[in-house]
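In case you want the letters, here they are:
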Amino acid sequence: MSENATVNPIHMGIADYVTLGIMLLISLGIGVFFAIRGGKNETKVPINLHSFTERLLPTTISLVNAEYLVGSRRMGALPVCLSLFATFQSAISLLGVPAEVYTYGTMNLYSTVAIVLSYLIGIVTIIPLMHPLKVTSVNEYLQMRFQSRTVRLVGTLIGVISSISYMTVALLSPALALQTAVDLPLWMSIVLVGAVGTAYTAIGGIKSVVWTDVFQTVIIFGGIVVIL
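Residues numbered from 1 in each chain as written. Predicted model: local features only at pLDDT ≥ 70, side-chain atom pairs only at ≥ 80, totals over all residues. Heavy atoms only, no water.

Caption draft 1: Geometry of the overall build of the chain. Scanning the chain for helices and strands turns up eight helices and two strands. Along the chain direction, N to C, the helices and strands of the chain fall in the order α-β-β-α-α-α-α-α-α-α. When each of the 228 residues of the chain is scored for burial, the buried share is 21%. Taking contacts inside the chain between residues at least 6 apart in sequence as the whole, the part at least 24 apart equals 65%. Summed over all atoms, the accessible surface of the chain reaches about 15,900 Å², with 72% contributed by carbon and sulfur. (Helix = DSSP H or I, 4+ residues; strand = E, 2+ residues; numbered from the N terminus. Buried < 20%, exposed > 50% of the residue type's maximum accessible area, 1.4 Å probe, protein only. Contact = heavy atoms within 4.5 Å. Areas by Shrake-Rupley, 256 points an atom, 1.4 Å probe, with all protein chains shown as cover.)

Caption draft 2: Looking closely at the UniProt feature "transmembrane region" (unreviewed entry) in the chain. When the UniProt feature table is mapped onto this chain, "transmembrane region" (unreviewed entry) is found at residues 17-36, 77-97, 109-130, 151-172 and 184-203. The annotated region residues 151-172 carries 100% helix and 0% strand content, and the separation between its end C-alpha atoms amounts to 32 Å. Secondary structure within residues 184-203 divides into 90% helix and 0% strand; the distance between the first and last C-alpha atoms comes to 28 Å. (UniProt positions renumbered as here; feature names shortened; annotations may be inferred.)

Caption draft 3: Inspection of the packing of helix H7 (residues 149-182) against helix H8 (residues 186-227) at higher detail. Relative orientation of the contacting elements H7 and H8 amounts to 140°, with a least axis distance of 8 Å. With respect to H8, the axis of H7 lies oblique. The element H7 and its partner H8 pack so that their crossing is right-handed. Note on element contacts: H8 touches H7 through Leu186, Ser189, Ile190, Val193 and Gly194, opposite Leu171, Leu172, Ala175, Leu176, Leu178 and Gln179. Grouping the amino acids of the contact of H7 with H8 by side-chain chemistry returns eight nonpolar, three polar and no charged. (Axes fitted to C-alpha atoms, helices over the stretch in contact; angles between N-to-C directions. Parallel < 35°, antiparallel > 145°, perpendicular 65-115°, else oblique. Left-handed = near helix turned anticlockwise from the far one by under 90°. Nonpolar A, V, L, I, M, F, W, Y, C, P; charged D, E, K, R; others polar.)

Caption draft 4: Focus on unusual backbone geometry. Residue Lys134 is not a glycine yet carries a positive backbone phi of 55°. Secondary-structure assignment places Lys134 in the loop between helix H5 (108-130) and helix H6 (138-146). Located in the positive-phi region is Gln147, a residue other than glycine, with phi close to 50°.

Caption draft 5: Inspection of the packing of aromatic side chains at higher detail. Throughout the structure, instances matching the rule amount to two aromatic pairs. A ring pair is formed by Phe33 and Phe34, whose centres lie 5.0 Å apart and whose planes are at 80°; its orientation type is edge-to-face. Judged by its relative accessible area of 46%, Phe33 is partly exposed. Judged by relative accessible area, which is 11%, Phe34 ranks as buried. Each ring, one from Phe85 and one from Phe221, has its centre 5.3 Å from the other, and the planes form 15°; the classification is stacked. Of this pair, Phe85 sits in helix H3 (residues 77-88) while Phe221 sits in helix H8, and the two are 136 residues apart along the sequence. The exposure class assigned to Phe221 is partly exposed, which follows from its relative accessible area of 44%. Positioned over the ring face of Phe146 is Arg145, at 5.0 Å from the centre of the ring. (Phe/Tyr/Trp six-rings, centres within 6.5 Å; stacked < 30°, edge-to-face > 60°. Lys NZ or Arg CZ within 6 Å of the ring centre and 35° of its normal.)

Caption draft 6: Representation of the side chain of Ser27 in the model. Of note, Ser27 is situated in helix H1 (residues 14-40). Residues in contact with Ser27, not counting those within four places in the same chain, are Val196, Tyr200, Thr212, Phe215 and Gln216.

Caption draft 7: Main features of a nonpolar patch on the surface. Together, Val113, Val116, Leu117, Leu120, Ile123 and Val124 line one region of the surface with nonpolar side chains, adding up to about 560 Å² of accessible area. Within the fold, Val116 resides in helix H5. (Patch = residues over 30% accessible without salt bridge, like charges linked within 9 Å, V, L, I, M, F, W, Y side chains within 5 Å. Salt bridge = Lys/Arg side-chain N within 4 Å of Asp/Glu carboxyl O.)

Caption draft 8: Representation of the environment of Leu24 in the model. Position of Leu24 among the secondary structure elements: in helix H1. Between the alpha carbons of Leu24 and Gly197 there is a distance of 8.7 Å; along the sequence they are 173 residues apart. Beyond its immediate stretch of four places on either side in the chain, Leu24 contacts Leu192 and Val196.

Caption draft 9: Quick peek at the side chain of Glu140. Assignment of secondary structure puts Glu140 in helix H6. Arg152 provides the closest opposite charge to the buried, unpaired Glu140, separated from it by 4.8 Å. At a separation of 2.9 Å, a polar atom in the side chain of Glu140 contacts the main-chain amide nitrogen of Thr136. Apart from residues no more than four positions distant in its own chain, Glu140 is found in contact with Val135 and Arg152. (Lys, Arg positive; Asp, Glu negative; His and termini not counted. Polar contact = N/O pair within 3.5 Å; in protein donor to acceptor, adjacent residues only side chain to side chain.)

Shown next, in the form of structure tokens:
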């Protein structure tokens, strides 16, 4: 190729925007579906709110919609596994791992081996401990284990900071890639994806999150297959 040759910039066309819109609408539609369905199948479970909020809120809040928080604990193994895959294999992995391997070789596989081993250890150590307790979160277990509200609040704070930090990078990475590749405005990608994700999570609960992740996993593998 000549040094003076020019490369025509790539822009998203109408079909691309329509496809993006359909994906976001399907994700939002899943949230709406489970919001309507969950309202018809409410299952109330008593929990203990041992925190500063119990002094401020009425006692009726101790009845929490199990359908919303934990899917009534009847989610299938396959959708949950696919949801976990979509959660941990975000745009950071799809964009970062290929670049890492291309630049530094396959040393990244060592971390994968360590992660797999940690999962196997967790199956025989953490899961048999946590599952029978029927806790809503690991922070609830921390309070049960150490009999301390402070420990639970500290664990919650650390989790919030960690999640916000991760989601910042997870939203920024694809936004930067789209801005560079197809000139999609940075703010548009972040606002659309962030708003839709927040909406279907808030209105549909955990079942909405799981089944949206299943849909996104299909899109991820479909996109990889098309590219290859």
